[in-house]
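Fold and contact review
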Amino acid sequence: MSDSTSNNKTAEAQTDLQRDYVRDALDVLTNALGPYVESQLRATFGDQWKRNARSSFRRPREESPVGKSDEFTWDAHSALTVMWDQWNAVFRQHLGHYERSLVSELREFRNRWAHQRQLNFDDSYRVLDSIERLLSAIGCDEDARKIYDTKQELLGREFSDKINEEQITKQNVRNKWWTIGVYIVCCIAIVAQMILSWSSSGYLIAGFVVLVFIYLIYQRMQFEPVIYGPRECRKCFRIIYTQECPYCGKKPSTQE
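Right, let's walk through the structure included here.

Analysis parameters
- Residues numbered from 1 in each chain as written.
- Predicted model: local features only at pLDDT ≥ 70, side-chain atom pairs only at ≥ 80, totals over all residues.
- Heavy atoms only, no water.
- Helix = DSSP H or I, 4+ residues; strand = E, 2+ residues; numbered from the N terminus.
- Buried < 20%, exposed > 50% of the residue type's maximum accessible area, 1.4 Å probe, protein only.
- Contact = heavy atoms within 4.5 Å.
- Areas by Shrake-Rupley, 256 points an atom, 1.4 Å probe, with all protein chains shown as cover.
- Polar contact = N/O pair within 3.5 Å; in protein donor to acceptor, adjacent residues only side chain to side chain.
- Core = buried A, V, L, I, M, F, W, Y, C linked by side-chain atoms within 4.5 Å.
- Axes fitted to C-alpha atoms, helices over the stretch in contact; angles between N-to-C directions.
- Parallel < 35°, antiparallel > 145°, perpendicular 65-115°, else oblique.
- Left-handed = near helix turned anticlockwise from the far one by under 90°.
- Nonpolar A, V, L, I, M, F, W, Y, C, P; charged D, E, K, R; others polar.

1. Remarks on the overall build of the protein chain
Check the secondary structure of the protein chain and you find seven helices and two strands. In sequence order, the secondary structure elements of the protein chain are arranged as α-α-α-α-α-α-α-β-β. Relative to its full complement of 256 residues, the protein chain shows a buried share of 38%. Put simply, of all contacts in the protein chain between residues at least 6 apart along the chain, 62% involve residues at least 24 apart. Total accessible area on the protein chain stands at roughly 15,500 Å², and carbon and sulfur atoms take up 54% of it.

Following this line, the structure appears as C-alpha cells:
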C-alpha cells in the first residue's frame, strides 16, 4: 500500500467519523430545539403560528417537509430556518445577538453537512460547541450536557489518535534503523568471510550477497502504514483493530 493511498483512506475514515459526530449532535439539537421553537411561535402568534412558520420558507429549494402537511415534523433545517427568519418577531425577546450568530453559524454548518461537504476536526468541534451553547441559552441543560460529553469524547479521540500514531511512528523508525544496522553488520561479516576464505570467484558471490542485502535494506525503508491497536467502537462498543468498525454500518441520514 502506497503512502498516498493509506493517507487517503485514513482521511476518508476520519471524515466519516466527523460526519457521524455532527449528525448525532444535530439529532440532539433537533429534539430540543423543535419543541422550543414551536412553543415560542405559539406564544407569539397563537393559532396562526403554523402560517407564520411556513412563511419562513420562501424559495422552493428551501421548502421543508414541515410546510407540506398540517403537522410539523421539526428537523435541524426547519428549526434553524424558522428561528433565523422569525428572530425579530419572536426570539429576540429572550435571546441576544450572540445566540443569533450561533443560529447563523449552525445553519451554514448544517447545510455543509447535508450536502456532503468535508468536515474536519476543527469544523466538527465547533459545531458541537455551538450546539452546546445554543442549547444552554434556551434552557436545555441536560441536552447541552450530552453535547458537552460528546465534545470531550471527540477531543479525547482526536488527541489520543495523534499521540498513538506518533508513538507508533517513532517505534517503527527505531525498529527500522535497528534492522538496517543488523543487515549491514551481517552483510559485512559474510562478505569479509567470503573474501578471506575463497578464491577470486568468491568476489562474484560476495557481490551478489551485497546486492541482496541492499535490496533488503531498500524494502525495509519503504513506507509502513500505521497499525491501529485494539480500541472500543463508540457505537457498538465492540473491540476493533482498525480505524473503521467492521461490525456497525453507517447509520442512515435523518437530516434533510
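2. Details of the environment of Val182
Within the secondary structure, Val182 sits in helix H6 (residues 141-197). Of the residues examined, Val182 reaches a relative accessible area of 36% and is grouped as partly exposed. In this structure, the C-alpha to C-alpha distance between Val182 and Ile217, residues 35 residues apart in sequence, is 9.9 Å.

3. A look at helix H3 (residues 76-85)
Given 3.6 residues per turn, any residue in an α-helix points the same way as the ones three and four places further on. Counting buried residues in H3 gives eight out of ten residues, a clear majority hidden from the surface. Of all the residues in H3, the buried ones are Ala76, His77, Ser78, Ala79, Leu80, Thr81, Val82 and Met83. Put simply, Asp75 is the residue that caps the front of H3, since its side-chain oxygen is 3.3 Å from the backbone nitrogen of His77.

4. Here's the deal with the nonpolar core
Of all hydrophobic cores here, the largest spans 43 residues; its most connected members are Leu29, Leu33, Val37, Met83, Ile131, Leu134 and Leu135. The set of elements that each furnish at least two residues to this core consists of helix H1 (3-45), helix H2 (49-54), H3, helix H4 (97-114), helix H5 (121-137) and H6. It is H1 that provides the largest number of residues to this core, a total of twelve residues. When sequence neighbours within four positions are dropped, the list of residues in contact with Met83 reads Leu33, Tyr36, Val37, Phe91, Leu95, Val103 and Leu134.

5. Things to note about the packing of H4 against H5
Where H4 contacts H5, the axes come no closer than 10 Å and their chain directions differ by 140°. Here H5 runs oblique to H4, going by the angle between their axes. For H4 against H5, the interelement crossing comes out left-handed. Facing H4, whose interface residues are Tyr98, Glu99, Leu102, Val103, Glu105, Leu106, Phe109 and Arg112, H5 presents Asp123, Arg126, Val127, Ser130, Ile131, Arg133, Leu134 and Ala137. Considering only residue class, the contact of H4 with H5 consists of nine nonpolar, one polar and six charged.

Geometric descriptors of this kind do not, in isolation, establish any biological role.
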